[in-house]
Amino acid sequence: MEVRYNNKICIFAPLSVKLDKRVCHRLFSKLNNEERQVALDLSYVEDCTADFCEALTEISKEKNISIFNIPSDIFALFNIMNIDKCTNLFVSEIDFEENTRRLINRKFSFV
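For the structure given in this document, a descriptive report is provided here. Each chain carries its own residue numbering, running from 1 in the written order of its sequence. Given that the model is predicted, a residue must reach a pLDDT of at least 70 before its local features are reported, and side-chain atom pairs must reach 80 or more before they are shown or counted; all residues, however, enter totals for whole chains, interfaces and linings. With hydrogens and water set aside, each side-chain value is computed from the structure's full complement of heavy atoms.

1. Focus on the pairing of strand S1 (residues 2–5)
One ladder, built from four bridges, connects S1 with strand S2 (residues 9–13); its direction is antiparallel. Counted as the bridge partner of Val-3 is Phe-12 from S2. Following S1, the chain reverses through three residues before pairing antiparallel with S2. Two strands make a pair as long as DSSP finds a minimum of two bridges between them. To qualify as a helix, a DSSP run of H or I must reach at least 4 residues; to qualify as a strand, a run of E must reach at least 2; elements of each kind are numbered from the N terminus.

2. A closer look at the layout of surface pockets
Summary: where empty space remains is shown by rolling a probe the size of a single water molecule over the atoms. Here the largest pocket is characterised by a volume of approximately 200 Å³. What lines the largest pocket is Lys-21, Cys-24, His-25, Phe-28, Ser-29, Asn-32, Asp-51, Ala-55, Glu-58, Ile-59 and Glu-62. In terms of residue count, helix H1 (residues 21–32) provides more of the lining of the largest pocket than any other element does, six residues in total. Grid points spaced at 1 Å over the protein atoms alone were grouped into cavities, where a 1.4 Å probe fits but cannot get out, and pockets, open sets with protein on both sides within 12 Å along at least five of seven lines, with lining residues defined by an atom within 4 Å of a point. Grid points are joined across faces, edges and corners, and a volume is the space filled by probe spheres set on the points.

3. Describing the pairing of S2
Of all five residues in S2, five are buried, a share of seventy percent or more. Alternating positions in S2 separate into two faces, Ile-9, Ile-11 and Ala-13 on one and Cys-10 and Phe-12 on the other, with burial throughout. Sheet topology places S2 next to strand S4 (residues 37–41); four bridges connect them, and they run parallel. Opposite Ile-9, over in S4, you have Gln-37 as the bridge partner. Accessible area is worked out with a 1.4 Å probe on protein chains only. A residue is then buried under 20% of its type maximum, exposed over 50%, and partly exposed in between.

4. Comments concerning H1
Expected span, for any helix, means 1.5 Å times one less than how many residues it has. A rise of 1.5 Å per residue sets the reference length of H1, with its twelve residues, at 16 Å; its end C-alpha atoms lie 16 Å apart and thus fit the reference within 8%. Along H1, the positions that sit buried rather than exposed are Val-23, Cys-24, Leu-27, Phe-28 and Leu-31. Angular distribution of buried residues about the axis of H1 spans 115 degrees; they occupy a single face of the element. Of the residues in H1, the exposed ones pointing more than 90 degrees away from the buried face are Lys-21, Arg-22 and His-25. Working rule for contacts: check all heavy atoms of both residues, and any pair within 4.5 Å makes them a contact. Contacts made by the buried residues of H1 are with S2, strand S3 (18–19), S4, helix H2 (50–59) and strand S6 (65–68). It is the directions from the helix axis to the C-beta atoms that the arc portrays.

5. Concerning the sheet that holds strand S8 (residues 102–103)
Hydrogen bonds between backbone groups are what pair the strands of a sheet, and the pairing can be parallel or antiparallel. The strand order S1-S2-S4-S6-S7-S8 describes an open sheet built from six strands, whose pairing is mixed. Every other strand in the sheet has two partners, leaving S1 and S8 as the edge strands with one partner each.

6. Overview of the nonpolar core
By nonpolar core is meant a set of buried Ala, Val, Leu, Ile, Met, Phe, Trp, Tyr and Cys residues that side-chain atoms within 4.5 Å join together. Leu-31, Leu-40, Leu-42, Phe-52, Leu-56, Ile-67 and Phe-78 are the most contacted members of the largest nonpolar core, which totals 24 residues. At the level of elements, S2, H1, S4, H2, S6 and helix H3 (72–80) are the ones that each hand at least two residues to this core. With near-sequence residues (within four places) excluded, Phe-52 lies in contact with Leu-19, Cys-24, Leu-27, Phe-28, Leu-40 and Phe-78. By size, the runner-up hydrophobic cluster in this structure holds six residues, among which are Ile-9, Ala-39, Phe-68 and Phe-90.

Below, the structure written as C-alpha cells:
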C-alpha cells in the first residue's frame with residue numbers, strides 16, 4: 001500500500017489488484033488512525049469484493065472519505081450500492097484536491 005501525505009490530506013493507494021477482506025482490513029485499520037482528510041486512489045485496483053463495499057459504507061459514517069481514479073466496473077458497482085451517497089467520488093486527484101467536479105449519480109425518472 002502506498003501512502004502519500006500533503007499538508008491537510010492523506011492519500012492511500014492500495015497496490016493489490018483485488019480489494020478483498022484481508023486488504024480491506026489492513027487499509028481501513030490504517031485509515032481509522034488518520035486525522036487528516038482521507039482519500040483512496042483506486043488506480044491500481046481492478047476488482048473489489050462485497051466486504052470492501054460494506055466496510056467502506058460503515059467507515060464513511062464516522063470519517064469523511066473521498067475516492068478517485070475509479071475503474072468503470074467498480075464505479076458501476078458503487079452506483080448500484082449507493083456508495084456515492086456516503087462518500088465523495090472524484091475522477092482525478094486534481095478534482096479531489098480542488099474539491100470540484102464530484103461524481104454524483106442522479107436517479108432521474110419520467111413521470
